[in-house]
Each structure stands twice: as C-alpha cells, then as structure tokens.
Amino acid sequence: MARKKKKIDEERTHRKFKEKGGFELDLRMKREAITDPFTEVPPAEEMTVFLRQHVGPEAKPLIQEGDFVEYGEKIGGIEEDEEWGVPVHSPVNGIVKEIKMMEHPVSGDEERIVVIETEDEETKPYYDPLDPKDVTKDELLERIKEAGIVGLGGAICPTNVKLSYAKDKVSHLIINAKESDPNIACDVRLISERAEEMIDGIKLMAYIIGADNIVFATRTQEGELPEFENLLKREKNIDIVRVRPNYSIGYGRLLITEILGKEIPQDTHSYDMGALVHNVGTAYAVYKAIREGEPLVSRGITYYSKDIGGRNLWVRIGTPVKHIMDFVDAPAIDFERVALGSIMMGPAISDPSIPITKADSGVTGFTEKEPHPYEDKTWCIRCGYCNEVCPMDLYPQLIMKAEKKGDKKRLRQLNTDVCIDCGLCSFVCPARINYRPILSRAKSEM
Amino acid sequence: MLEEEKKARPYKVVNPPHVHIGLDKNELMLKTFLLMSIIAYASVMVMGLQALFHILVALGTVLVVYNSVTAYQRWKGVKPTYDSPGSPLVAGMIVGLAMPLESPYLVTVVVAFMTMFVFKYIQGKYLDHKYLNPVATSKSIVLLALYGVATLNVFEGALQGGMLFHPHHYQHNMMGGFADMMGFFESAFVDTIPFFGIEISATQAHFFWQPHGWIGSGMGIVVLVVGSIAVYWLRYKWRIVVSTLGTMTILAIVAALVWQNGDISTADMITMRIAFHVFSGSILFMAFFMATEPQSTPMPEFSQFLFGVGLAVLTFVFQLNGFLGGSIIALVIMNMTTPLLDRIVIKKPYGHRVKSVVD
Ligand code: SF4
Ligand code: SF4
C-alpha cells in the first residue's frame, strides 16, 4: 500500500461539519448505552438463521435436516455466477432441525430459515487465518466473500463486491463510525473495546482498494475515547473527523460530500468519484475473517427499552429476539412494539421469535405506555417541516400529493427516487403522517 | 388479557421511524396561541378595553362555531374535524388582532364566523387543503361586500360602519403628501405614552405605541420580537416573512427617496416611511402570523420568496393608492398563485445538482 501521506484539506477534516436535518433527535437512549460494555449473549437453544440477510439473492441451503453443523460452517452457499450472493454460516455447533419459512423482518415476505438446535457454545475459527503478505488482494477479497461479510451499517451490500468495484479507483476510504441513530451505541463500544482489531480491519480494506487516505468519521468528542485516540495517533494516514451527534442518516454519499466536498451524481457510484464509505463494524468483521478466519456469525447490537435502558450485547446472528429480551430481563410479552436496528429506519417485527440478522444493530422495545407515533394522524397542514429536514432536498409533501393523484410525471419531476428512507420527514411531521408507505408506493409507481 | 392470549399476541407492526419528535399540530397551535396572546396583551395595554372586547368576541364566535360543529359531527357519528380547540382558537385570535380597533363588534362576529365556518370547515371539507387564508379571505369578502353596498348606495356609510378599512384614507396623498398624512395621524391619534408621560411622534408610535389601526399593531416592536421568536421556535415559513418585510423596507426607502419633502431630511423620511410601511399592523402582524399560514402558502423555498415579494409589492401598490388595509386582499391574491408557485422553481435534490460522470 502506498504510504505516502496525502493530507486532505485540513479544514474539512477537522472541522465539525453542519449536518442536514433541522431537528435534533433525543439522544438520551444513546447516552445511557455509550458506557455499557459489550456482554456476550449465549446462544439460544434453537438458533434460526435466514438464508438471505443482505441485498442480493438468497443463499442455497447446503445442509439437510439432521445434519451436524460446526460453528462457522457454511450452511447456505452461492452459485459461481452470483456476484451479489452472500453465504451464511452456522452460529453454533448443533444439529439442523429444519428448514422452514418465516416472515423476513426487512422484506416482510416469507423467506427460508435454517433452524439449528444448539449443542454447545464453543467457538473456534472455521478458516485458516490469512497473512496479507502471503496472499494476493484477490485472495483477500475471496475470503471476505467466503466469510459472508456485508455492510454492517445498515446498507447490507456484499463487502467484497463494494471493495472489488472500488479497487484501484479510490483515493479515500471513509470509515463511518458516526452512528447517528438515537438508539444505537454498539459502534462506539466497538471503537473503545476492540480498537486495535478494528484499525487493522480498516487498514486491510484500504490496502485492498489501494486508498492512500483514510478518514475516520466519528461523533465522539476529543478525549472521549482516549485509548482509541492514542492508537489512532500512531496511524499516520488516518485522519479523524468529528461530527455532531445529530441524526442525519449516516448516508454514505452525504458523508462523502461533507468530508470531501464532492456531491455524488445520482447515477454514479461513489468509487467513481474517488471515495468509498465503509462502516466501522464491517472493518472489524473484515479483521476477524482475514486475521482470525472467522466468518460473520456474530455482531454487536444495542438493546434499548425504557425500563432497562441501553445495553450493548454481542450476539450470534440467528439469535431470536425473545432470547435477547429474556437475557436482559425484559420479557417479550411486556412490549407492544419491537423494532430491529435503527428506530429511524429499522423494521418493526410482529413476533419475538424472529432472529437477529446481519443487518440489525439493535433491538428496541416499546410498551403500551409509550405513544404510538402515528396514532393521532391528521391531515397535512403544509407546514413544510418535512421539506426543511429532508437531507436529500426533496419535497415529501409534494410527493405525497402527486402520489395521491397517481401523477407519475410529477413524481419524476420531484425526483422521488432520490429518497433514502431516512424517516426524518415522518419524524418531524406535526400531522403525524408516516411517509414510509407513501414513499415506497411513489417509488414503485415511478 | 389472559397471560396465554398475551403470549400469542403478535406485536403491533408500525412503519419506521418508531419515534416522533413530539411536536404535533395541537401543540403547534397552542404555542402559536400563547405567543399571539403576548401581542394581544400588549395591544390591549395600548388600545384599551375595546381591543380586548374585539379579541374576546372573535374568540367567542369561533368557539361557538367549533363547539356546535363538533357536537353535530359527534351526533352524526363523524370524527370531529378538530380534536382540540387549538386551531380554532388561533384563528379567532388572528381575527381579533387583524380587526381595526374602530370596527363594530358585529363585523368582528361576521368575520370570525366566516373564518371558522366557511373557510376552515367548508373549505377544508371540500378541497384537498385550504387554498385561501381563512381570516384574510373572510375579511376581504366582508370588505368587498361593504364596498359594494356603499357604492350601490344601498346603505350609505357602509364602509365607515364596517371600518374594515378607512374611506378617509383615500383623502391622503401617499406619494408626495406622505409627510402630511403622518402629521395628520400624529395630531389625531398620537399623544403621550401613559404612565411614562413620554411624548412620541407618529414614527415612534408605529414602533412602540400605536393606538389606531389593526389591533395586532398596538406595539410594533412586540410583534417583531414575538413574531421572530415564533419563526425561530415554531419554524414558520421564514422566507415569506423575510421577503415580505425586506421588500416592504426596500420599497419604503425607494418611496422616501423618490417623494422627498423639503422640510424633512432624507434620513427622517426613510425612517418615517419604514415605520409606516413596515410597522403598520396590516404589514407586520400579517407578515408573521397570516402570510405564513402554512396551508395557503407555497412549499418550495424560492417560491416562498416570490410569494413574499409579490405580497409586498401588491400591498405597497394598494397603500400608495390610499387603500391601507389592502394587504389582506394582496394576501388572498397571492394565495391564489400558490398552486402555481408550488410547481415552479423546485430545487434540485442531492445527486442532481452535478453532472454525471457516467458515460
Ligand atoms: S411535515 Fe407533515 S404536515 Fe408539514 S408539510 Fe410535511 S406532511 Fe404536511
Ligand atoms: S423524503 Fe426520503 S430522504 Fe427525504 S426526509 Fe423523507 S425519508 Fe428522508
């Protein structure tokens, strides 16, 4: 990797940039969780692993009922020609009980899951560790693919695909540790608890794509994570950018614009503009896969409910939500609504037996006492709050009107497809209009 | 609920986001009402009990309409249009503050009734949103009706009786004779600030203590401060306020430079013009609390600026022609342009402001 230091614009790198989004979110949920170290959640008696946990085709089951599977063993494989395919692995040593259908929390459709009866909690690397000095970059990419790594910041794109597209094209690798969701603090815990490994993962990714500059975007303040900051000081080509803690989606393209001053055209990939954004959790997963030979079978999440507060947990993928709730002493029946991942963008689940997938950074429980955000919906008063907060500079209210009329031309004119589902328009709407279904209908009408 | 039932119960599935900022329509209305109450308090101090009665009459009328319609809707098994009196109260307060002090109470009742029943309930029911500002439209209709009655000689003195605008304003030359008009205003309405005994000029009266005109204009400075707080705190469409008041200020300065008076310095003339053209209730109060009415004003940012500029220019033209309460008609005219303004100058979203690098 070229070590030559190219200093990016000092001002841009170290200033606290102004984020889009006119309203500050209540970050109390997060504040409580920031200081809570990860607690390992033991696997459930029955683990349920979706065969599709990313944006791309479902993996094909490689096992049958009654098979014994090892921790880290591939249970869902992909075809040679499936560029966007991602394998899935067993999170435990155990026996395959069945392959059945279950409602997928993201698609809402019935999709295949593998149910594994846990035999023991033992973990050991499934693959041999790799030394980047001894293997080619393509072999490293192959390992990342084989380990089933996807973007853990919410985008869930196959990491190997993103890295290979960007290879030798980008000058900047931006690590998104911003974690702007109000209920999630697992990334900041990862930074403070597993800093060395994470930094190594970042360097491995930069090495693969040939990026000379690494920008670490965090919302933590100077001195908040002293050990991590000391470690980072040793890294001459990693710049730290401090961002305000407001929610503004952490959307990769906007982050690039804010840091590098480049707007990414709608039909252009960020790597064509010389920059690539990866989440901090993904960097850690890359480290685990390459240096320790462990596929992506566990991740950090933040559990939050009012009575318990924020708890950071290290969970195996496929752990049912109910098991996690029992672990933190928050019985599933106490809740009226449960959301996975970010409370701004993550899906609500209908059933606590639904498992954690690679996409989920959190579990949040709401009791009957907590108000349903859209229960008292009224009509739009055209206050324009939704326009003001939209980080993509859209007009959600005008989109809603055009969608209602079925006016496709107008929907195109309003560039509805630019919407990134950040949820800010619904969050601020005084009429309590939930835009998610309106915007999805509008996008599909286009 | 039985424990077993509870266990079997699936969770309520709600689309994200799963939280709300907490500021809803009712709270927005309540906060607006509270802020306007400060202006009302200041105006009553300046204008006395007559102002208070106008406000109470307007509030009472909208509440009677609101309670009657809500009771009817409940009786019919229909969900009430307004689940709290917040929005009606705001409308009532605007009616009260937008009435000239000298107007008969009956006119206030008529305007408040039309505002609430015709332009809030009926307009809201039959159109997809309120295209016209309820208070401005009601006031304009009453004004035009009185004008019609007066010009057809059906009832002489209808305009004076209605007092929605003052026919004697026609006598003033608002161009070259502006200073004389201010002199007349000073001699007729301005004296000293009670309690403090400070003697003030017509110009100062527009800023601090104006016992004449729209009730909402009693203390111009209070309207400015409270209005600015409302814009910042409740995020009103600030572009409309800025462009309306900004354009009025520019036009006032231009007018001061064009129609000079040998006895008065240019600086004094400019101050006088700004005091009159910007700090009259029909401008200042309207710019903050009527022109920003969300439903009847445009959504795109640049269109909001155009709206404000158009409103100011029309109002200024009316003012120059002696039609001093004409700002509400200007507002209704601008409301009519909103559907068009909603369609033009849509700003480009992220990703569309730069050229594609894909071949
Ligand atoms: S925030 Fe809600 S009420 Fe306001 S304009 Fe947007 S959709 Fe309408
Ligand atoms: S329109 Fe889309 S991008 Fe804009 S605020 Fe709403 S959800 Fe976010």
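Since the model is a prediction, treat every value here as computed from it, not as a measurement.

1. Some words on the sheet that holds strand 2 (residues 46-50) of chain A
Residue and element names in this part refer to chain A.
Okay, step 1: A sheet is described by the order of its strands in space; here four strands give the open sequence 2-8-7-4, paired in antiparallel fashion. Strands with a single pairing partner mark the edges of an open sheet, and in this sheet they are strand 2 and strand 4 (68-69).
Okay, step 2: Relative to strand 7 (residues 93-103), strand 4 runs antiparallel, the two sharing two bridges. Directly across from Val-69, in strand 7, lies its bridge partner Gly-94.

2. Thoughts on the site of ligand 2
Okay, step 1: For ligand 2, the full set of nearby residues is Cys-390, Pro-391, Met-392, Pro-396, Cys-419, Ile-420, Asp-421, Cys-422, Gly-423, Cys-425 and Leu-439 of chain A.
Okay, step 2: Grouping the amino acids of the shell around ligand 2 by side-chain chemistry returns nine nonpolar, one polar and one charged.

3. A short note on the domain arrangement of chain A
Interfaces are frequently sized by the accessible area removed from exposure as the parts join.
Okay, step 1: We note that the domain assignment places domain 1 (46-120), domain 2 (137-292), domain 3 (296-366) and domain 4 (385-445) within chain A.
Okay, step 2: Using only C-alpha atoms to locate each centre, domain 1 of chain A and domain 4 of chain A end up separated by 35 Å.

4. A closer look at the interface of chain B and chain A
Okay, step 1: Facing 56 residues of chain B, the contacting portion of chain A comprises 73 residues.
Okay, step 2: Here chain B meets chain A over a buried area of about 5800 Å², counting both sides, of which 56% is carbon and sulfur.
Okay, step 3: Of all residues in chain B, Tyr-11, His-18 and Tyr-350 of chain B give up the largest surface area on contact with chain A, accounting jointly for 17% of the area buried on that side.
Okay, step 4: Run the count over chain B and chain A and you get eight salt bridges.
Okay, step 5: A salt bridge links Lys-12 of chain B to Glu-375 of chain A; the shortest N-O distance between them is 3.4 Å.
Okay, step 6: Seen at the junction of chain B and chain A, the total is 33 residue pairs in polar contact (both at pLDDT 80 or more).
Okay, step 7: Mapped by element, the contributors of at least two residues to the side of chain B that touches chain A are helix 1 (3-8), helix 2 (25-47) and helix 11 (238-258) of chain B.
Okay, step 8: For the side of chain B that touches chain A, the element with the highest residue contribution is helix 1 of chain B, accounting for three residues.
Okay, step 9: Counted by class, the side of chain B that touches chain A contains 25 nonpolar, 12 polar and 19 charged residues.

5. Regarding empty space enclosed by the protein
All names here are of chain B.
Okay, step 1: Taken as a whole, this structure holds six cavities of 30 Å³ or more when the rule is applied.
Okay, step 2: Approximately 450 Å³ is the volume found for the largest cavity.
Okay, step 3: The wall of the largest cavity is formed by 30 residues, among which Met-29, Val-90, Ile-94, Glu-293 and Pro-294 lie closest to the centre.
Okay, step 4: Partitioned by chemical class, the residues of the lining of the largest cavity number 18 nonpolar, six polar and six charged.
Okay, step 5: Looking at which domains feed residues into the lining of the largest cavity, each of domain 1 (17-149) and domain 2 (169-345) supplies at least three.

Scoring rules and cut-offs
Residues numbered from 1 in each chain as written. Chains lettered and ligands numbered in written order. Predicted model: local features only at pLDDT ≥ 70, side-chain atom pairs only at ≥ 80, totals over all residues. Heavy atoms only, no water. Pairing = 2+ DSSP bridges. Helix = DSSP H or I, 4+ residues; strand = E, 2+ residues; numbered from the N terminus. Near = heavy atom within 4 Å. Nonpolar A, V, L, I, M, F, W, Y, C, P; charged D, E, K, R; others polar. Domains from an automatic or database assignment. Contact = heavy atoms within 4.5 Å. Buried area = accessible area lost by both parts, 1.4 Å probe. Salt bridge = Lys/Arg side-chain N within 4 Å of Asp/Glu carboxyl O. Polar contact = N/O pair within 3.5 Å; in protein donor to acceptor, adjacent residues only side chain to side chain. 1 Å grid on protein atoms, 1.4 Å probe; cavity = no way out; pocket = protein on both sides within 12 Å on 5 of 7 lines; lining within 4 Å. Points joined across faces, edges and corners; volume = space filled by probe spheres on them.

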